[in-house]
Amino acid sequence: IVSAQNVEITPLKAVRRVGDELIVLCKVPYRIDSCRMTVGPTSYRLIPNNQGDVVYHGQGLEVGECGAQIKHIKEEWNGNISCVLPPKTGSIEVTGTMQLLVARAPGDPQLISPPQSSFKEGDIFMAQCIVPNGRPAAKITWFLDDEQVLAGTHQPIVTSEPGSDLQTIRQNVSRALTADDSGKRLVCRAEHESLDKPKEASRQLLVNYPPKRLDDSSSITIFGLKIAEEGRLNVTVRANPRPHAEWTIGDVKLTAPQKNEDASIEALEPVHLGGGYYNVTLVLGRVAKEDVDRTYYLTVTNDLGREDFSVRLSTMDEPAGVELETGAIVGIVIAVIFLIIAIFLVVFAKATDRWCFAGRSHRTDIPDGADSEAPLPPHDDVKGSENPSHDHGEYISNGDTKHPEKKPDTAV
């Protein structure tokens, strides 16, 4: 038997589960005398129209096709499948080989990670997922909740025990933890041809961080309050662990939950909104005019740090549209002032024939039909002729010496 390059075999490699079906087709460009196929430990002589677990597949021996329809794949058939194609005449047989992997489900995934229950923002978190003894190796995918993790995933490593065709896959992931990671589940998901649904291993991440404001401004304005009615000053912050709040109203300090002496002002306990967000509220029993003129100070702290806010009240409705910062408003005002000054200077120069408008009155209109070479009015008749004339010296043009001209000075 000769292994010939001109044997076309399809497919060259296949992965199937136990009980699946597989069709293997071997072809040569000449008539063959018979078709033999070795599947696992058994050799089959295949004849068209015969029945069995392994039956002939193809268009016939006369066109050089030796194929097999393998029904109900068995675990012991894992390995190579060979086809033997003897020619119609001659004694040399050719053979082709493909690889069949009978899928075997891997073991449960194992997630190995640091033992501590919580981390700090900025910590480098590393974990490893191991999915053992699959045929072929399983595929690992990482998720944070439902979002796939791509950044920080390392190249997977596949190993197997000596003498075994079962494969174990390992993959590491590393990332710098952020406040957004807190409360999310890190998931190692294993997928495999033999599994009806993926297997998973996971752990929840707990990230601690100091209080954070939701934007870059530490100054907050509460709109829509009404004089003589209850007013609520709500400030949303983000923190983990739970923050403590202290309000300063003039000389009075209130640590939530606490009221002032006459119970007209109450600092409420921060309310967790989920995801590390907290609503910090100061309640004014009755808003007075002096409350609108006052600045309230809020300090939010936890074990990792603090954040300070200044809060103002307004009886106006919150302005619609994009809110501009103080710097942006000042820039716009300055730009408008410069524009007004520029327009004033242009109008002034045009009205007084100054700067770029100087000399406009020296133009002489020539009546229709007049001789284009008619003499210009005497220099003394031109407006502005009271300005003295100065010699500008000789100059050279095209090699000729030009005599100086009398040019009027214009007012500046």
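Up top is the structure these notes are about.
Keep in mind that what you see is a predicted model, and the values were worked out from it rather than measured.

*Asks:* Lay out the packing of aromatic side chains in plain terms, naming residues and giving numbers.
*Replies:* By the definition in use, this model includes one aromatic pair. The interplanar angle of 90 degrees and the centroid separation of 5.2 Å between the aromatic rings of Phe119 and Phe125 together place this pair among those described as edge-to-face. Relative accessible area serves as the criterion here: at 5%, Phe119 is assigned to the buried category. Over the ring of Phe143 we find Arg189; its NZ or CZ atom is 4.2 Å from the centre of that ring. One residue, Arg213, lies across the ring of Phe309, its end atom 5.7 Å from the ring centre.

*Asks:* How would you summarise the pattern of salt bridges if you had to cite specific residues and measurements?
*Replies:* When the charged atoms of two side chains lie near each other, side chains of opposite charge can form a pair. On inspection of all chains with the given rule, the structure shows 16 salt bridges. For Arg306, the salt bridge is made with Asp308, and the minimal N-O distance between the two is 2.8 Å. Via salt bridges that share partners, Glu75, Arg135 and Asp165 belong to a single interconnected network.

*Asks:* For the sheet that holds strand S7 (residues 54-57), give the residues involved together with the corresponding values.
*Replies:* The strand order across the open sheet built from four strands is S2-S4-S8-S7, with neighbouring strands paired in antiparallel fashion. Unpaired on one side and paired on the other, strand S2 (8-10) and S7 mark the two borders of the sheet. For this sheet, the mean inter-axis angle between neighbouring strands, taken without regard to orientation, is 20 degrees. Two strands pair when backbone bridges link them, and S7 and strand S8 (residues 65-70) are joined in this way by four bridges, in the antiparallel orientation. Bridging from a neighbouring strand, Val55 pairs with Gln69 of S8.

*Asks:* Quick one: what's the story with the side chain of Thr248, residue by residue and with numbers?
*Replies:* Locating Thr248 in the fold gives a position in strand S23 (residues 244-249). The exposure class of Thr248 is buried, given its relative accessible area of 15%. Polar side-chain contacts of Thr248 include one of 3.2 Å to the side chain of Lys253. Not counting residues up to four positions away in its chain, the partners in contact with Thr248 are Lys253, Thr295, Tyr296 and Tyr297.

*Asks:* I'd love a proper account of the nonpolar core, names of residues and values included.
*Replies:* Grouped together as the largest cluster of nonpolar side chains are 27 residues, with contacts concentrated most on Leu22, Met37, Ile70, Ile81, Leu85, Met98 and Leu100. Mapped by element, the contributors of at least two residues to this core are strand S4 (22-27), strand S5 (36-39), S7, S8, strand S9 (79-85) and strand S10 (94-102). Looking at this core, the element that brings in the most residues is S10, giving four residues. Ignoring sequence-local partners within four residues, the contact set of Leu100 consists of Ala14, Arg16, Leu22, Ile73, Trp77, Asn78, Gly79 and Ile81.

*Asks:* Quick rundown of the environment of Lys253? Include the residues and the values.
*Replies:* Note on placement: Lys253 falls in strand S24 (residues 252-255). Residue Lys253 is classed as exposed on the basis of its relative accessible area of 51%. When residues no more than four places from it in sequence are discounted, the contact partners of Lys253 are Glu246, Trp247, Thr248 and Gln258.

*Asks:* So what's going on with the pairing of S9? Which residues, and what values?
*Replies:* Within S9, five of the seven residues are buried, leaving the element largely enclosed by the surrounding structure. In the sheet, S5 pairs with S9 via four bridges, with the strands oriented antiparallel. Looking at S9, one finds that Met37 is bridged to Cys83. Alignment of S9 against S10, held across seven bridges, turns out to be antiparallel. In the sheet register, Cys83 faces S10, and the bridge partner there is Gly96.

*Asks:* Tell me about the pairing of S4, residues and numbers included.
*Replies:* Residues Leu22, Val24 and Cys26 of S4 are buried on one face, while the alternating residues Ile23, Leu25 and Lys27, pointing to the opposite face, are not. Pairing analysis gives three bridges linking S2 to S4, with the strands arranged antiparallel. Across the sheet, residue Glu8 finds its bridge partner in S4, namely Lys27. In this sheet, S8 lies alongside S4 in antiparallel orientation, the contact comprising six bridges. Across the sheet, residue Leu25 finds its bridge partner in S8, namely Gly67.

About the cut-offs
Residues numbered from 1 in each chain as written. Predicted model: local features only at pLDDT ≥ 70, side-chain atom pairs only at ≥ 80, totals over all residues. Heavy atoms only, no water. Phe/Tyr/Trp six-rings, centres within 6.5 Å; stacked < 30°, edge-to-face > 60°. Buried < 20%, exposed > 50% of the residue type's maximum accessible area, 1.4 Å probe, protein only. Lys NZ or Arg CZ within 6 Å of the ring centre and 35° of its normal. Salt bridge = Lys/Arg side-chain N within 4 Å of Asp/Glu carboxyl O. Pairing = 2+ DSSP bridges. Helix = DSSP H or I, 4+ residues; strand = E, 2+ residues; numbered from the N terminus. Axes fitted to C-alpha atoms, helices over the stretch in contact; angles between N-to-C directions. Polar contact = N/O pair within 3.5 Å; in protein donor to acceptor, adjacent residues only side chain to side chain. Contact = heavy atoms within 4.5 Å. Core = buried A, V, L, I, M, F, W, Y, C linked by side-chain atoms within 4.5 Å.

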